[in-house]
Amino acid sequence: MEQTITSLLLEHSEQLFGMKLEASHFQFQKTKKELKGDITLVIFPFVKMLRCSPQEAGVKIGDFLVAHAGFISSYEVVSGFLNLVVSDAYWIEKLNEIQSETLYGWAKPDSASRIMVEYSSPNTNKPLHLGHLRNNFLGYSVSEILKANGHKVVKTQVINDRGIHICKSMLAWERFSPINAAGERETPQNTGLKGDKLVGKYYVEFDKQFNSEAKAIISQWEQGDFEGFSEELKSEFLKLEAAKEGKEAKALKGIEDKIKDLAKNQTTILRDAKEMLIKWEARDPQVYLLWTTMNGWVYDGFDVTYKAMGVDFDKLYYESETFLLGKDMVLEGLEKGVFYRKQDGSVWIDLTSDGLDEKLVLRSDGTAVYITQDIGTAVDRFKDYPDLSSIIYTVGNEQDYHFKVLFLILKKLGYDWADQCAHLSYGMVDLPSGKMKSREGTVVDADDLMEEVVAKAAEMTRERGHLEGMTEEEKEELFQLIGMGGLKYYLLKVDPKKRMLFNPEESIELNGNTGPFIQYAHARIRSLIAKAGTMPSNTIASALLPEEKEIVQLLSEYPVVVKEAGRELSPALIANYTYELVKAYNHFYQSVYILNEPNTELRELRLILSDSVAKVIRSSMQLLGIRVPERM
RNA sequence: GGUCCCGUAGCUCAGCUGGAUAGAGCAACUGCCUUCUAAGCAGUAGGUCUUUGGUUCGAAUCCAAACGGGAUCACCA
């Protein structure tokens, strides 16, 4: 409609204003609630050019639109704003249109380019936590939103399955696992523990031993005993000790951390883990077997977690298979002069002219670093999917710098698609008690949290839900749907870019701006429709109540919101929109009769309105990965 | 220290490329279930949009600085 008005006015701008106007002059907004009208054109931008008062300009445009745009029935000019009243006939036609479309608001499937969305990408040494939940829900939802915008989407992750951290769990398991009567160490099978939890347990165990060994070394040093340590180390330690003198708490902690690092590097347990990594890289059969076994446990555990989350992937990349990929790119770039080699053999890129630093891309021993692999993986992905237009990396904002560098390097290597790639950088999730810290045990486990929200949903639904006639299985399904819906909505309703606070109590709330609030509205409508029996295919009503018009207006905005969410990669826009729609519907529901409306024409109108709202709720929630119930 | 992000009601968040009197939810207080699901609705109260300058018809929004919070700057990932 805004476009129709704009082009109409542009077309006649010479006869109306005596000059050519530009589309950018047209600013529309929804008319304020208290005022008469549906849509408002801001007049100010024209005033200067037209050399007349806002009032005159408004009247001129208003008169013209009433005469030439069929759907504008009247107007009012209020202090520089032209408030246009759109005829009810227009909105009713709009409603019929919405009702007739099955995939209302979505672009034609496969009508746009192929995009890869990467999300999750966990380490295989510990279980998934609350931060991963935000990551996964976001990545999944953005994938759905892109599909709704016509894109073909490849959901992917790169699994961080190698490196020193993996060796730590492996070593700890080998060394510290108790051996049972059958002569076996702990396994998921003989303990009943979820695989990722079991491996995570040994990662923690490693850290414990690691720390106590380091502590022992420090106290040895503190007593002046440097037996078995180099002179260099001794002087380094003494230097740091001396630096502690007279320092404030914050600086003191920094120094103590440095001392700790110093000691940690001297522990035998770390040396052993590093040795294991070298063996792994050399494909030592024993280490390799241990590695595949323990990773297998983790994958089994992750599968369970992903299933509960309701997310999935189309293609997996494993770091163990990709970590060498970037090396060729680096050598190629070296030839092109994009990179340069230092005396010690390490390879770097100088990004200082782009306002960044120098960045290492290959170690002096020729091994790959994190970014080397990312370069290789990106190129590889475009080879795997030749029609790929972009990769979207759903990764926390602590890696903003990394991706800035990555995209810049890819660009310098001559890959034009680098400009299309994006870092969907999301903020950290904080707890009321502060930051999540694995060392302090304040990490919220993903499985535990999901179990908790579902249990809470069950409790509350049993209290007040409409469960008669449902089988136990159906009830469980419903509790799952409500609990997970609440959790997902809670994590997705805030702008992804922003750091957010996770309040456990609020996350299981059922009232207000929550998932269950929206699900409830859907259930109410569905039950209404079930009672109605038949659904009319269109309405022949000729007038709308304000409550009804409000809803049609909101419904008509849905396609715009879907587009916007796709452009911004923001599920929050979908969530907020749906919340507005539901609020408007609830208001309408409470103020008029629907089924009980005696006038057939009105009843049909309201039924269609309700049905369309349910449809858009279902559709928008699908974009968030949230299911909606028929009853609750 | 360099770079980047953030600062809106007691709390958690909306506020699109500048537009009318800054909005929701939670918490507090008032009402509404013998008509379609009260996980709902209607209402009251709550604000110097961190501060100070600038840009202009007009600033929560754009620019600059200050203050406060966070991230990052590894031959870690």
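Residues numbered from 1 in each chain as written. Chains lettered and ligands numbered in written order. Predicted model: local features only at pLDDT ≥ 70, side-chain atom pairs only at ≥ 80, totals over all residues. Heavy atoms only, no water.

Engineer: What is the right way to look at the overall build of chain A in this model?
Structural biologist: Secondary structure summary: chain A contains 24 helices and 14 strands in total. C-alpha extents for chain A along the principal axes are approximately 95 × 65 × 55 Å. Taking all 632 residues of chain A together, 51% fall into the buried category. Residue pairs in contact within chain A that sit at least 24 positions apart in sequence constitute 73% of those at least 6 positions apart. In the form shown here, chain A has an accessible surface area of approximately 30500 Å², with 50% of it arising from carbon and sulfur atoms. In chain A, which carries 76 positive and 94 negative side-chain charges, the distance between the mean positions of the two groups comes to 1 Å. (Helix = DSSP H or I, 4+ residues; strand = E, 2+ residues; numbered from the N terminus. Buried < 20%, exposed > 50% of the residue type's maximum accessible area, 1.4 Å probe, protein only. Contact = heavy atoms within 4.5 Å. Areas by Shrake-Rupley, 256 points an atom, 1.4 Å probe, with all protein chains shown as cover. Lys, Arg positive; Asp, Glu negative; His and termini not counted. Charge placed at Lys NZ, Arg CZ, Asp CG, Glu CD.)

Engineer: Would you mind going over the sheet that holds strand S2 (residues 39–42) with me for this structure?
Structural biologist: Two pairing modes exist for strands in a sheet, parallel and antiparallel, and in both the strands are linked by backbone hydrogen bonds. As summarised here, the arrangement of the 4 strands in space is S1-S2-S4-S3, forming an open sheet in which the pairing is antiparallel. The two strands at the open ends of the sheet, each matched to only one other strand, are strand S1 (28–30) and strand S3 (72–78). The average undirected angle you get between the axes of adjacent strands in this sheet is 30°. (Pairing = 2+ DSSP bridges. Axes fitted to C-alpha atoms, helices over the stretch in contact; angles between N-to-C directions.)

Engineer: Honestly, the side chain of Ser-425 in this entry has me stumped. Any pointers?
Structural biologist: As for its placement among the helices and strands, Ser-425 is situated in strand S12 (residues 422–426). With relative accessibility at 15%, the residue Ser-425 sits in the buried group. Among the polar contacts listed, one links the side chain of Ser-425 to the side chain of Asp-400, at a separation of 2.8 Å. In this view, Ser-425 contacts Val-395, Gly-396, Asn-397, Asp-400, Pro-496 and Lys-497; residues no more than four positions away in its chain are not counted. (Polar contact = N/O pair within 3.5 Å; in protein donor to acceptor, adjacent residues only side chain to side chain.)

Engineer: Looking at this structure, I do not really get helix H19 (residues 472–492). What am I missing?
Structural biologist: Residues lying three or four places apart along an α-helix face the same way, a consequence of the helix completing one turn every 3.6 residues. Between its terminal C-alpha atoms H19 stretches 30 Å, which fits the 30 Å expected from 21 residues at 1.5 Å a residue. Among the 21 residues that make up H19, 15 are buried, leaving the element largely enclosed by the rest of the structure. (Expected span 1.5 Å × (residues − 1).)

Engineer: Looking at this model, I keep getting lost on the sheet that holds strand S5 (residues 114–118). Mind explaining?
Structural biologist: Reading across the sheet, the 5 strands line up as S7-S6-S5-S11-S12 and stay open at both edges, with parallel pairing between neighbours. Edge strands, defined here as strands with exactly one partner in the open sheet, are strand S7 (315–318) and S12. Taking the axes of each pair of neighbouring strands and ignoring which way they run, one obtains an average angle of 25° across the sheet. As judged from the 5 bridges shared by strand S11 (residues 388–396) and S12, these two strands associate in the parallel manner. Bridging from a neighbouring strand, Tyr-393 pairs with His-423 of S12. Against the sheet, helix H16 (residues 370–384) touches S5, strand S6 (152–159), S7 and S11, its axis set at about 145° to S11.

Engineer: Explain the packing of helix H7 (residues 164–176) against helix H12 (residues 268–281) here, please?
Structural biologist: How two helices pack is summed up by the angle between their axes together with the distance between the axes. Remark: H7 packs on H12, axes separated minimally by 9 Å, with the N-to-C direction vectors making an angle of 115°. The angle between H7 and H12 places the two elements in the roughly perpendicular class. In the packing of H7 onto H12, the handedness of the crossing is right-handed. Residue-level contacts link Ile-164, Cys-167, Lys-168, Met-170, Leu-171, Glu-174, Arg-175 and Phe-176 of H7 to Ile-269, Leu-270, Asp-272, Ala-273, Lys-274, Met-276 and Leu-277 of H12. Here the contact of H7 with H12 is built from residues that sort into 10 nonpolar, no polar and 5 charged. (Parallel < 35°, antiparallel > 145°, perpendicular 65-115°, else oblique. Left-handed = near helix turned anticlockwise from the far one by under 90°. Nonpolar A, V, L, I, M, F, W, Y, C, P; charged D, E, K, R; others polar.)

Engineer: Explanation requested: the protein's contact with RNA strand B in the structure shown.
Structural biologist: In the vicinity of RNA strand B, 63 residues are found, and the nearest of them are Asp-344, Lys-435, Tyr-520, Tyr-593 and Asn-596. Within 4 Å of the protein, the atoms of RNA strand B are drawn from sugar and phosphate moieties in a proportion of 60%. One of the side-chain N or O atoms of Gln-27 is found 3.3 Å from a base nitrogen in RNA strand B. In this structure, Asn-511 approaches RNA strand B through a side-chain N or O atom, which is 2.9 Å from a phosphate oxygen. Of the residues in the surface near RNA strand B, the class split is 26 nonpolar, 20 polar and 17 charged. (Near = heavy atom within 4 Å.)

Engineer: Could you clarify how one ought to interpret the pattern of salt bridges in this entry?
Structural biologist: Two side chains that carry opposite charge are able to pair once their charged atoms sit near each other. A full pass over the atoms with the stated rule returns 35 salt bridges. Ionic pairing is found between Glu-281 and Arg-162, a salt bridge with its closest N-O pair at 3.4 Å. Taken together, the positions of Glu-281 in helix H12 and Arg-162 in the loop between S6 and H7 put the pair 119 residues apart, joining distant regions of the chain. Classification of Glu-281 as partly exposed rests on a relative accessible area of 40%. For Arg-162, a relative accessible area of 14% translates into the label buried. Salt-bridge contacts for Lys-342 lead to Glu-358; the nearest nitrogen and oxygen are separated by 3.9 Å. With Lys-342 in the loop between strand S8 (340–341) and strand S9 (347–350) and Glu-358 in strand S10 (residues 358–362), the pair connects residues that are 16 residues apart, well separated along the chain. On the accessibility criterion, Glu-358 (37% relative accessible area) is partly exposed. Each member of the salt-bridge network shares a partner with another, and the members are Lys-194, Asp-196, Lys-197, Asp-445 and Asp-447. (Salt bridge = Lys/Arg side-chain N within 4 Å of Asp/Glu carboxyl O.)

Engineer: Help me understand the packing of H7 against helix H13 (residues 285–309), please; the structure alone is not making it clear to me.
Structural biologist: Interhelical geometry of H7 versus H13 gives an angle of 100° and a closest axis separation of 10 Å. The orientation of H7 with respect to H13, classified from their angle, is roughly perpendicular. Residues Ile-166, Ser-169, Met-170, Trp-173 and Glu-174 of H7 form the contact with H13, whose participating residues are Val-287, Leu-290, Trp-291, Met-294, Asn-295 and Trp-297. Of the residues in the contact of H7 with H13, the class split is 8 nonpolar, 2 polar and 1 charged.

Engineer: What's the story with the domain arrangement of chain A in this structure? I'm lost.
Structural biologist: Interface size is commonly expressed as the accessible surface area that is lost when the partners come together. Domain boundaries in chain A define domain 1 (2–86), domain 2 (114–163 + 308–430), domain 3 (182–299) and domain 4 (446–623). The largest contributions to the domain 2 side of the interface with domain 4 come from Arg-134, Phe-137 and Asp-430, which together make up 26% of the buried area. Inspection of the domain 2/domain 4 interface yields 1 salt bridge. Arg-499 is the partner of Asp-430 in a salt bridge, and the nearest nitrogen-oxygen pair spans 2.4 Å. Contributing elements (two or more residues each) for the side of domain 2 that touches domain 4: helix H6 (130–148), H13, S12 and strand S13 (429–430). (Domains from an automatic or database assignment. Buried area = accessible area lost by both parts, 1.4 Å probe.)

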